[in-house]
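What follows is the residue order along each chain.
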Amino acid sequence: MTALRFPGVVLPEGEHRDVFVVDGRITYERPAGAETAATGWIVPGLVDAHNHLGLDDGGAVDDDEVERQAVADRDAGALLLRDCGSPADTRWVQDREDLPRLIRAGRHLARTRRYIRNFGHEIEPEELPAYVAQEARAGDGWVKLVGDWISREKGDLAPSFPPEVFAEAIRVAHEHGAKVTAHCFGREVLQPLLDAGIDCIEHGTGLGTDQVEQMAAAGVALVPTVMQTAKFPGFAADGRARFPAYSGTMEELYARRREVVMSAHEAGVAMYVGSDGGGPQRHGHLAGEALAMAEIGLPSADVLAAASWRGRAWLGWNAGLDEGAPADFVVYDRDPRADLGVLYEPRRVVLRGRVVA
Ligand SMILES: [Zn+2]
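Attention in this report is confined to the structure presented alongside it. (Residues numbered from 1 in each chain as written. Predicted model: local features only at pLDDT ≥ 70, side-chain atom pairs only at ≥ 80, totals over all residues. Heavy atoms only, no water.)

Focus: the state of the cysteines
Using the criterion set out here, one finds 0 disulfides in the structure. You can see Cys184 has no disulfide; the closest cysteine sulfur is in Cys200, sitting 9.4 Å from it. Cys184 gets classed as buried once you look at its relative accessible area, which sits at 0%. The structure places no disulfide on Cys200, whose sulfur is separated from the nearest cysteine sulfur, that of Cys84, by 6.8 Å. Judged by its relative accessible area of 0%, Cys200 falls in the buried class. (Disulfide = S-S within 2.5 Å. Buried < 20%, exposed > 50% of the residue type's maximum accessible area, 1.4 Å probe, protein only.)

In structure tokens form, the structure reads like this:
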């Protein structure tokens, strides 16, 4: 049995301590013969709250590529991934000691011909409740709906399903013990989902002031995926010729992006850090999302908490590095509270007590 020692400043408390790792767990009782592995600022393992392990531009990827994606995330310090929909069966990742911990959502549930090809199950309203039950059983406590997408008939963003169908879908998921989250770019989709008791909103660019207050009061989380919504001008440009209304909507949503995120923050909505790795984003970019959230105006301390201890607690894991907690943490050379940029350069990544990077 090798015991490792990490002397440093342990967050979130900010105290100088000697952290020891024995048998995959944290201890503060000095074991005999502990070797010093690294020193610095010690942060509970980061959480990518919106990730798509097993997904690439064309849909599902093979297991070798899943592994490369997971390693890229892990080496960037993301040790707990909240999958937000994947067509690949990634359950095997959970049996691998060297890969990040993974909370899966099953496959995206989208409307027929109204999502990216090969990503989700594309279905009609009457099929949604049965598919929700199926994905709730297949996942690890989350179901992912594509709340809205471009409707070619309307030429604009439109909710994927009618309000009563969303409500039934959320009821069925909850009955199966799963929480529900939804991809939401536009405005129209949000009120029916919030009124039906959804648990989390992804992107959320259409949120209004009254809705962020409703979210805060009901404890609905928001993963704003700021790197992803930065691409809206590109989507608007691509759609301008064929879908001018859609193009205008995307520009308008982009223009309100900062206002939405800051009003959610001011209302006290719990926000988490999601790279959207696996779809149009690549894996291993959680630091970029943390920086993007700070650049849009969120306090760095809140972003760091969301990316680490608060995100972990939200997903049911040990928030901090308490005695006996699983030894999942990242060591940095500088204080990330003072400089989030250091998240790009982990000194050491420790997962299940093993130095993996
Ligand atoms: Zn996504």
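Some points on the packing of aromatic side chains
Here the structure, examined in full by the defined rule, presents 8 aromatic pairs. The interplanar angle of 80 degrees and the centroid separation of 5.9 Å between the aromatic rings of Tyr115 and Phe119 together place this pair among those described as edge-to-face. Phe119 shares its class with Tyr115; the two are buried. An aromatic cluster of at least three residues, connected via ring pairs, comprises Tyr115, Phe119 and Trp149. (Phe/Tyr/Trp six-rings, centres within 6.5 Å; stacked < 30°, edge-to-face > 60°.)

Some remarks on the sheet that holds strand β9 (residues 78-83)
The strand order β6-β9-β10 describes an open sheet built from 3 strands, whose pairing is parallel. Looking at strand neighbours, the two that pair on one side only are β6 (46-51) and β10 (101-103), the edges of this open sheet. When strand polarity is set aside, the average angle formed by the axes of neighbouring strands in this sheet is 20 degrees. (Pairing = 2+ DSSP bridges. Helix = DSSP H or I, 4+ residues; strand = E, 2+ residues; numbered from the N terminus. Axes fitted to C-alpha atoms, helices over the stretch in contact; angles between N-to-C directions.)

Considering a negative patch on the surface
Together, Glu13, Glu15, Glu29, Asp322 and Glu323 line one region of the surface with negative charge. Within the fold, Glu13 resides in the loop between β1 (4-10) and β2 (15-22). Its relative accessible area of 47% is what places Glu13 among the partly exposed residues. (Patch = residues over 30% accessible without salt bridge, like charges linked within 9 Å, V, L, I, M, F, W, Y side chains within 5 Å. Areas by Shrake-Rupley, 256 points an atom, 1.4 Å probe, with all protein chains shown as cover. Salt bridge = Lys/Arg side-chain N within 4 Å of Asp/Glu carboxyl O. Lys, Arg positive; Asp, Glu negative; His and termini not counted. Charge placed at Lys NZ, Arg CZ, Asp CG, Glu CD.)

Here's the deal with the coordination of the zinc ion
In the first shell of the zinc ion, the protein supplies His50 (NE2), His52 (NE2) and Asp276 (OD), at 2.0 to 2.1 Å from the metal. Read N to C, the donor residues that coordinate the zinc ion are spaced as H-x1-H-x223-D. Here the residue His50 occupies a position in strand β6, and Asp276 occupies one in the loop between α9 (257-267) and α10 (286-296), the gap between them amounting to 226 residues. (Donors = N, O, S within 2.8 Å, 3.2 Å for Na, K, Ca; no water.)

A closer look at the nonpolar core
In terms of nonpolar packing, the biggest core is built from 88 residues, with Leu128, Val132, Leu145, Ile198, Ile201 and Trp314 touching the most fellow members. It is α10 that contributes the most residues to this core, 8 residues altogether. Apart from residues lying up to four places away in sequence, Ile201 is in contact with Thr181, Ala182, Cys184, Leu190, Leu194, Met215, Val220, Ala221, Leu222 and Val223. (Core = buried A, V, L, I, M, F, W, Y, C linked by side-chain atoms within 4.5 Å. Contact = heavy atoms within 4.5 Å.)

Points about the packing of helix α7 (residues 232-239) against helix α8 (residues 244-255)
Packing of α7 against α8 brings their axes to within 8 Å, and their N-to-C directions diverge by 165 degrees. Classed by the angle they form, the pair α7 and α8 counts as roughly antiparallel. Here the hand of the crossing between α7 and α8 comes out left-handed. Across from Phe232, Pro233, Phe235, Ala236 and Gly239 in α7, the residues of α8 making contact are Pro244, Tyr246, Ser247, Met250, Glu251, Leu253 and Tyr254. Broken down by class, the residue content of the contact of α7 with α8 amounts to 9 nonpolar, 2 polar and 1 charged. (Parallel < 35°, antiparallel > 145°, perpendicular 65-115°, else oblique. Left-handed = near helix turned anticlockwise from the far one by under 90°. Nonpolar A, V, L, I, M, F, W, Y, C, P; charged D, E, K, R; others polar.)

Points about the packing of helix α5 (residues 209-218) against α9
As a packed pair, α5 and α9 sit with axes 9 Å apart at the nearest point and diverge in direction by 40 degrees. On the basis of the axis angle, α5 is oblique to α9. For the element pair α5 and α9, the recorded crossing hand is right-handed. Facing Val212, Glu213 and Ala216 of α5, the residues of α9 in contact are Ser263, Ala264 and Ala267. By residue class, the composition of the contact of α5 with α9 is 4 nonpolar, 1 polar and 1 charged.

Quick notes on helix α11 (residues 300-307)
What α11 keeps buried is the set Val303, Leu304, Ala305, Ala306 and Ala307. Close packing links the buried residues of α11 with β6, α10 and α12 (309-314).

Remarks on the pairing of strand β20 (residues 348-351)
In this sheet, β20 lies alongside strand β19 (residues 329-332) in antiparallel orientation, the contact comprising 3 bridges. Note that in β20 the partner of Val331 across the bridge is Arg348. Pairing analysis gives 2 bridges linking β20 to strand β21 (residues 354-355), with the strands arranged antiparallel. Among the inter-strand pairings, Leu351 is bridged to a residue of β21, identified as Arg354. Linking β20 to β21, which pair antiparallel, is a turn of 2 residues; within it Arg352 sits at a positive phi near 50 degrees.

With respect to the pattern of salt bridges
For the coordinates displayed, the defined rule picks out 24 salt bridges. A salt bridge links Glu175 to Arg171; the nearest nitrogen and oxygen atoms lie 2.8 Å apart. Highlighted residues: Glu175 and Arg171, both in helix α3 (residues 163-175), separated by 4 residues, approximately one helical turn. Taking the relative accessible area as the measure of exposure, Arg171 reaches 42% and is therefore partly exposed. A salt bridge links Arg240 to Glu251, with the shortest nitrogen-to-oxygen separation between them at 2.4 Å. With a gap of 11 residues between them, Arg240 in the loop between α7 and α8 and Glu251 in helix α8 connect regions that are remote in the sequence.

That is the geometry; function is a separate question.
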